[in-house]
Amino acid sequence: MTAIVNPMRPTPGATRPYHFPEFDRRALDNGLTVWMVPLPGTTMVNVHLLTDAGAASEDEAHGGVAALTAQLLATGTQRLDAAAFAEATERLGIEVRSESSWDSARAAFQSLPEHMEDGIALLAEMVREPRLDAGEFERLKAERLADILQSRADPGRLADEMFLRHVFAAETPYRRLSGGAPETVGILTLDDVRAFHATHWAPETSHVVVVGSIDPEAVMRAVQVRLGDWRGRGPGHRTFAPASGGGRRVVIVDRPGSVQSELRIGHLGIDRRDPRYFSALVLGAMLGGVFGSRLNLRLREELGYTYGARAAFDPRRAAGPFSAAAAVQTEVTADAIRETIGQLTRIRDEAPDDHELHEVRDYLVGVFPLRFETTGGVAIAIEPLAVYALSDDYWQTYRSSLEAVGADGVVSTARELIRPEELLVLAVGDAAQISDEVAAAGFGPLEVVQPD
């Protein structure tokens, strides 16, 4: 398919030069690493404390404990109950939050520069001496369980959960959501949270990132005073090799009365340190990461099956999923699956022309500096360097790494990373309306399952 270029459309200008700010990295005697990014003249300071206490560090029987532990940190300290803690943050004019992902947990705040040291003191207190109140625990646990039930009433979120469950083998942690499942969250106790915090939040596996109008020496003094005598050695994340749930197959999650089908089509992807990472970024964007992507043009613009189609790799410390996704009209479910598989197959065989390749790369390169317009954005950018041990020049070479991906590189990467014979085709929809036609299309062995 030849791209149509509007002659009236302005052509993009030359990429403006951008240099990621210089940073200073130092280590305390207890193993804590401090990353400092001075940005003179900025209004706010962002401080992030990262530790290797994400969902990948849990055992499966306690799935969800990492998320609950992180959330509880922001509800008080041994010295300050929830109300007093909230009052302390309001008095300092700071925003405190804590959350977890698969690969790390974060406690963070944003403040004016003059309140940075007091903010670090409060952050250290909540990380080292959290209150872990029973009432707050029960509240957050109930909210998490309610959110899981609510997500299963939403066809898109249900499709996301069911796709993971079927694309990964039973022994792979990634087959569930990082926040846990009802059967594990429901049995968690406050003692489980206390034990997880005591064993996983530790300086040897932690990093402090400080970005803004700062004096690095003043930052180091504040961190040394508040966190220099912190002791502990966390076990870190588990290492595992994600396994596939099986070869090419079709799963229909029955949702009677649905007027649309939520599609998720994919298989195992790559890990965050895969040498094909930048090629995979371009490949994913070309398939479904920009408005003019192949899936969106075909399914939305040409066929009118959906309001939007997307595709992406989700690399983690271990290999995460690759998926293409769309919500389509019920009556075109089988056709949309066929077209999606067709585009996944086509990108293995048909190299992008210069216009398509440059449009995707120009977009990825063009939006790159927008991430770093705030101190918070710069702090978040430091996180993958800390969590995944990426090279210090990662952001300096980011643009050139993208620009180095050529048409042949896209095709060769697609042939390695897109494997049509291994695709899981999952549809959340009305099985009575779609199963016969999907089965007749012969995409693979078909199974109809009920949502939990």
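The structure reproduced in this document is the subject of the present report. (Residues numbered from 1 in each chain as written. Predicted model: local features only at pLDDT ≥ 70, side-chain atom pairs only at ≥ 80, totals over all residues. Heavy atoms only, no water.)

## Re the sheet that holds strand β9 (residues 306-313)
Spatially, six strands are ordered β9-β10-β8-β11-β7-β12 in an open sheet, and the strand pairing comes out mixed. Two strands close off the open sheet at either side, each with one partner strand: β9 and β12 (446-449). On average, each strand axis in the sheet is inclined to that of its neighbour by 15°, with strand direction left out of account. Two elements, β9 and strand β10 (residues 321-329), share six bridges in a ladder whose sense is antiparallel. Note that in β10 the partner of alanine 311 across the bridge is alanine 324. (Pairing = 2+ DSSP bridges. Helix = DSSP H or I, 4+ residues; strand = E, 2+ residues; numbered from the N terminus. Axes fitted to C-alpha atoms, helices over the stretch in contact; angles between N-to-C directions.)

## Quick notes on unusual backbone geometry
Here leucine 132, not a glycine, exhibits a phi torsion of approximately 50°, which is positive. With respect to the helices and strands, the residue leucine 132 is situated in the loop between α3 (116-128) and α4 (134-153). For leucine 132, a relative accessible area of 5% puts it in the buried group. Non-glycine residue alanine 389 carries a positive phi angle of around 55°. Mapped onto the elements, alanine 389 comes out in the loop between α13 (375-388) and α14 (398-403). (Buried < 20%, exposed > 50% of the residue type's maximum accessible area, 1.4 Å probe, protein only.)

## What to know about the packing of helix α11 (residues 333-349) against helix α15 (residues 407-417)
It is the contact of α11 with α15, at a shortest axis distance of 7 Å, that shows an interaxial angle of 130°. Viewed along their axes, α11 and α15 adopt a mutual orientation that is oblique. Contacts from Ile347, Arg348 and Asp349 in α11 reach Val411, Ala414 and Arg415 in α15. Looking at side-chain class alone, the contact of α11 with α15 contains three nonpolar, no polar and three charged residues. (Parallel < 35°, antiparallel > 145°, perpendicular 65-115°, else oblique. Contact = heavy atoms within 4.5 Å. Nonpolar A, V, L, I, M, F, W, Y, C, P; charged D, E, K, R; others polar.)

## A closer look at the environment of glycine 289
Tracing the backbone through its elements, the reader meets glycine 289 in the loop between α9 (277-288) and α10 (294-302). Judged by relative accessible area, glycine 289 falls into the partly exposed class, the value being 41%. Spatially, the C-alpha atoms of glycine 289 and serine 206 are 33 Å apart, while their sequence positions differ by 83 residues. Setting aside chain neighbours within four positions, we find glycine 289 in contact with Gly284, Ala311 and Tyr363.

## Here's the deal with the side chain of glutamate 125
Looking at the element boundaries, glutamate 125 is found in helix α3. Relative accessible area serves as the criterion here: at 14%, glutamate 125 is assigned to the buried category. Separated by 2.8 Å, the side chains of glutamate 125 and threonine 77 make a polar contact. There is a polar contact of 3.0 Å between the side chain of glutamate 125 and the side chain of arginine 79. In contact with glutamate 125, other than residues within four places in its own chain, are Thr77, Arg79, Leu80 and Pro130. (Polar contact = N/O pair within 3.5 Å; in protein donor to acceptor, adjacent residues only side chain to side chain.)

## Side note on the pairing of strand β2 (residues 33-38)
The buried fraction of β2 amounts to five of the six residues, a majority that puts the element mostly inside the structure. In terms of strand pairing, strand β1 (residues 24-27) meets β2 through four bridges, oriented antiparallel. Within β2, the residue paired with arginine 26 across the bridge is valine 34. In sequence, β1 turns back onto β2 through a hairpin of five residues, with glycine 31 there showing a positive phi of about 100°.

## Observations concerning the packing of aromatic side chains
Inspection of the entire model under this criterion finds 19 aromatic pairs. Ring geometry for phenylalanine 372 versus tryptophan 395: centroids 5.2 Å apart, planes at 70°, classification edge-to-face. You can see phenylalanine 372 sitting in the loop between α12 (354-367) and α13 and its partner tryptophan 395 sitting in the loop between α13 and α14, a full 23 residues away along the chain. Side by side, phenylalanine 372 and tryptophan 395 carry an identical accessibility label, which is buried. (Phe/Tyr/Trp six-rings, centres within 6.5 Å; stacked < 30°, edge-to-face > 60°.)

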